[in-house]
Amino acid sequence: MSHNTPQHVPQDAHIPNPDFDPVDPHGDHAGDTHGHVIVSGKMLLGILMILLVFTALTVFMAQAEKWAAYTFGIHFPDAVNVIVAMSIATIKALLVALFFMQLKYDTKLHSIIMCFCILAFGCFLGFTSLDILNRGRIDPIKADERIAGGTGGVGLMSRYRDPVTGQVVRVEVADKTPLYEFVKQNPEQRLSPKVVAKLAAKHKPKAPDISDANRSRPMLAPMLFAPAEVHHDDQSPGGD
Amino acid sequence: MSAISTHSATETTAKTPRWARTRHAHHFRSHEEEFDACKLGMWLFLTTEVLLFAGIFVAYAIFRAKYPEAFSKGSHHLDWRWGGLNTVILLISSFTIAYSIRNAQTNNQVWLRRNLLITLICGGLFLAIKFIFEYGPKWAEGKRPGNLFLYPGAENPHEPIWWSIYYSATGIHASHVVIGMALIFWLYIRSLKGTYGPKHYTGVEVVGLYWHLVDLIWIFLFPLLYLIH
Amino acid sequence: MSTHDEHGHDHHEGSYLTPRGGFLSTVWAWMTTVDHKKLGVMYLAAILTLFFVGGVAALAVRTELYSPNREVTREITRDDGSKETVTEITGQLFNAGTVISKPVIDSEGRALATDGKPLEEEIVGPDGTVTRRTRPDAKPLVEKERVYTLASGNQTYNRLMTLHGAIMVFMVIVPSIPASLGNFFLPIMIGAKDVAFPRLNLLSWWIYVAGSIFAVVSVIAGGVDTGWTFYTPYSTMTDADHWRVVFMIAGAFILGFSSILTGLNFIVTVHKLRAPGMGWFDMPLFVWALYATAIIQVLATPVIGITLLLLIFERLFHVGIFDPRMGGDPVLFQHFFWFYSHPVVYVMIIPGMGIASELIGVHAHKKLFGYRSMAYAVLGIAAVSFIVWGHHMFTAQGELAAAVFSAVTFLVAIPTAVKMFNWIGTLYKGSIQLNTPMLYALSFLFLFAIGGLTGLPLATLSTDMHLHDSYFVVAHFHYVMMGGTIIAFIGGIHHWWPKMFGRMYNEKVGILGCLLVFVGFNVTFFTQFFLGTRGMPRRYASYVDEFQLLHQISTIGSYILAIGMLVHLLNFVYSLFNGPKAPPNPWGGLTLEWTTESPPIEHNFHHEPLVTHGPYDFDDVVPPHRSPEEFPLPEKPADAH
């Protein structure tokens, strides 16, 4: 621990002053409030309320969009969904940072630090996307890699054991069947029978497929999560 | 927090509250300077936390752009009601810890402790919901990351990637909640002794900043994982 | 002189090195110290030890490459006249072999089970036919044998190379200057008693120790062969059950925390604890360099944290984010990795630049040319470092990104050249003393210039396609990392040795060591430029015969280099015990560390210093503790201000 120098402050200097001002605890910052603002309780409560309203709003927006799709067949572009949700999240984050974290009342340095941090994040995301999402922009040969996403299939990995010693020698793709196909065919092999029965009960086939499966949600259209054989018999394995 | 001096001068009377007896560390010129330094240190630490999660967010963005179908299908397996409830819980906890700083500043010891305790309970509730109602059932159904994926109802070969991102993002976030709760518990124990008051609330301030960051990350994770479809 | 506080401690007006109490309590006091000087010294000892280990691995790699590995089949004649063909491995010096398991066979040629009986049993069927089957519940008896093949020798080489790379990067060069010399001198140079968070500093040290232990355990258990870059899918797929890779990755992950905490501490210290009178542009350039370094450490290191965490998930659970078979993207790993690892190249070199500025300023005894531009240049390098990482991946990423990264990479040259010309401008008409630190500074300029200029063909997309993953790259980054950082580091140790330990070293031996290092270094690595342009790929354990001469020259150079290092080591050890006592300001420096005693007292200064002049105002100020006769101020023209 630190070694306190006894000479710099006498002991009794620490007994609080009778006319102690909690806003300016040291008395040496009269008029300069940075870092020591007492935010009013009403203000904090108000910010919390706004945050809760925005939370409700973002959920409402996401639901409304789906509702529009199901009820009226109005499909908004995908970007709308993302932009709305992320804008609301950004507003919420700003509120938390400015008021709960007191950036608004704080020294500018802390805001600058956060800006640099977000800038670094931007560089990270921007340049990585520049590569991965733009493969084949110049040489179209590479475009396929991106679309296929590697080999596309999901291999079930298994540990290859030495037949004599039983030691694991290497891990390799033992079964070329895509994993999701494999578990569809033999669910009871890997999951407990109880869970399998529960899943089967949960996803009972009810009604035919009605709309865009991409926009479905379990609670609105549970039929879309029916057991695989109802809808996907004709799908080729690994189809992407 | 390393610079917070915990020296207690034994000579002073027992009536003097602990926070008023706290002295700044020897290498700072004043308590004010120490407070500013701790706060600056915590903000710098928060930037490292943001950039830690940046990796997850970048991976999310890349794979979402690569496999929109898988991510769309994957997000349908998450129930926005649990996610929304957790968001509300974290927002409330953020509010209570912000309020506890005010309590320390105004020397309201009773509510300082209560607010810390409420924050702690909110953190616990968040984790309970996460593990009992989200991770547990999903893991049992085989909705697991990567090679552990066993869900029979999968419709897209890249759904395991979605679950990898989901578990990595929420798992690392949950570990931050645990760390934050440990820190708040430490604050609570110290607040019982009256360590924090108008003259000394550095600990509450910096742990509060950390907890707000945990909230901030969740504010972005919630729509990304539960709402965008 | 000494006062007592309420705990009854002696109030530390003596040297920080003075032991208090017996041996054990002194050791305990060092282990739990929050004094930045003691932590700096402990870092220095640990880093030099690991530098030795990494250096020995490097020598082993060079020795292995002295001759190519060949499997030679020839016919030999036995004493009894029979002829036999034997296969020999030549040119391979290090071969740890691989352990294979093979079944134990009894005299009748039957495989045995663990209970000593034959593994198979014979069953006579009702019709009299005999079938053999493995007995149920019998396990085959195996014996383990270590075999030495060409492949196992190559794997040993891969492990040595990874050992060298991982130790040198994660445990030596990244923490070298900031954690040791930076920890020691940053607070003193800005006139503070300590860093802002002394206990965090101690934590950072112990995290460094913990991370190093993880890595060392991994190495002792057999090492990893992934290279220090841990590229996927190799690092996640090979050696399936080898937990050593996980240990090595975990070690690097933990070391990252240490780096972050040190950087965070430095930023806060520079912001909050500067002595009165010291504005931002009154700081020594070493402090500026450490500040820029700390910014990179804080902003870039968390990304390697998440990268290595995801890599551990990938390795242990096969989550698939970096696995192409599940649709993951191994190139994404490279982006993640280099987003940290490129900026960290500047974490390595910028403190070296800071030391070079100090050495050149003090030992040329001249006001540093273009002080402000030097400070802005380090910040500029730090800023640019975040957007150029793609030049490590020209052959991996898409063309568009490669072209953009190639263009952006050239931006680095601008601030670097500003620094280079400023150093040379400072030397012009300076009162140069050719002592060991100055010789190291000149070596730095020479070697770093070569390292920097050979970076240009590597940044150019078209030429890099030819030079990528060749020895040209190896030579380039050794010229920057070793010729830049390590040379500056050793120069810095010489420069500050009297201050740190209060003893002078032998100047002549120091100069001898410096010359050996300089010559050895150039012989080792300059030849590798030729190897690279002629097509020798990096990381290979063997090569075609045409390359042998150049490889031999390079290997001999590495021995000269090692001898030079040993000369320095002996010089330092001798100085610690028998060196003459150092004056407070042996070189006539103007920065604050030369105003304290050698070695400094526990709280650095008797009184908080007041800064009244710039760090390099040699034209206006007589250095502290020196007389004007020794360091006369230059005569000024009559019309001077």
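*Asks:* Before we move on, could you go through the packing of helix α2 (residues 36-64) of chain C against helix α17 (residues 548-578) of chain C and cite the residues and values that matter?
*Replies:* Residues and elements named next belong to chain C. One way to put it is that α2 packs onto α17 with a least axis distance of 9 Å and a crossing angle of 155 degrees. Between α2 and α17, the angle falls in the class roughly antiparallel. Between α2 and α17 lies a crossing of left-handed hand. In contact with F51, L59, R62 and T63 of α2, α17 contributes H551, S554, T555, S558, Y559, A562 and M565. Classifying every residue of the contact of α2 with α17 by side-chain character gives five nonpolar, five polar and one charged.

*Asks:* Account for the nonpolar core, naming residues and giving values.
*Replies:* Soluble globular proteins: nonpolar side chains tend toward being buried together. Membership of the largest hydrophobic core comes to 302 residues, with the highest contact counts inside it found for C:I350, C:F444 and C:M500. Not counting residues up to four positions away in its chain, the partners in contact with C:I350 are C:A289, C:A292, C:T293, C:I296, C:V378, C:I381 and C:A382.

*Asks:* Provide a residue-level description of a nonpolar patch on the surface, including the pertinent values.
*Replies:* Residue and element names in this part refer to chain C. Taken together, F52, V53, V56, L566, L569, V573, L576 and F577 make up a surface patch of nonpolar side chains, about 720 Å² in accessible area. Among the secondary structure elements, those contributing two or more residues to the nonpolar patch are α2 and α17. Tracing the backbone shows L576 in helix α17.

*Asks:* So, the packing of aromatic side chains: which residues are in play, and what are the values?
*Replies:* All names here are of chain C. Considering all chains together, one arrives at 70 aromatic pairs over all chains under this definition. A cation over an aromatic ring shows up here: R274 above the ring of W280, its NZ or CZ 4.6 Å from the ring centre. The ring of F281 has R372 sitting right over it, with the charged end atom 4.0 Å from the ring centre.

*Asks:* Tell me what's going on with helix α2 (residues 78-100) of chain A, and back it up with residues and numbers.
*Replies:* Compared with the 33 Å implied by 1.5 Å per residue over 23 residues, the 33 Å span of α2(A) between its first and last C-alpha is a close match. For α2(A), the set of buried residues is A:N81, A:A85, A:I88, A:A89, A:K92, A:A93, A:L95, A:V96, A:A97, A:F99 and A:F100. On the buried face of α2(A), the contacting elements are α1 (41-72) of chain A together with α4 (80-105) and α7 (202-227) of chain B. Two residues or fewer past α2(A), A:Q102 is found with a positive phi of approximately 60 degrees.

*Asks:* Break down the confidence of the model for chain C for me, citing the residues and quoting the values.
*Replies:* Residue and element names in this part refer to chain C. When the pLDDT values of chain C are averaged, the result is 90; 97% of them are 70 or greater. Low pLDDT, under 50, characterises residues 1-10; the stretch is placed with 20 contacts to residues that sit more than four places away or in other chains. Both scores are given for the predicted complex: the pTM is 0.86, the ipTM 0.91.

*Asks:* Can you explain the side chain of B:H176? Please cite residues and give values.
*Replies:* Looking at the secondary structure, you find B:H176 in helix α6 (residues 159-192). For B:H176, the contacting residues outside a window of four places in its chain are B:E49, B:L52, B:F53, B:Y210 and B:V214.

About the thresholds
Residues numbered from 1 in each chain as written. Chains lettered and ligands numbered in written order. Predicted model: local features only at pLDDT ≥ 70, side-chain atom pairs only at ≥ 80, totals over all residues. Heavy atoms only, no water. Axes fitted to C-alpha atoms, helices over the stretch in contact; angles between N-to-C directions. Helix = DSSP H or I, 4+ residues; strand = E, 2+ residues; numbered from the N terminus. Parallel < 35°, antiparallel > 145°, perpendicular 65-115°, else oblique. Left-handed = near helix turned anticlockwise from the far one by under 90°. Contact = heavy atoms within 4.5 Å. Nonpolar A, V, L, I, M, F, W, Y, C, P; charged D, E, K, R; others polar. Core = buried A, V, L, I, M, F, W, Y, C linked by side-chain atoms within 4.5 Å. Buried < 20%, exposed > 50% of the residue type's maximum accessible area, 1.4 Å probe, protein only. Patch = residues over 30% accessible without salt bridge, like charges linked within 9 Å, V, L, I, M, F, W, Y side chains within 5 Å. Areas by Shrake-Rupley, 256 points an atom, 1.4 Å probe, with all protein chains shown as cover. Salt bridge = Lys/Arg side-chain N within 4 Å of Asp/Glu carboxyl O. Phe/Tyr/Trp six-rings, centres within 6.5 Å; stacked < 30°, edge-to-face > 60°. Lys NZ or Arg CZ within 6 Å of the ring centre and 35° of its normal. Expected span 1.5 Å × (residues − 1). pLDDT = per-residue confidence, 0-100.

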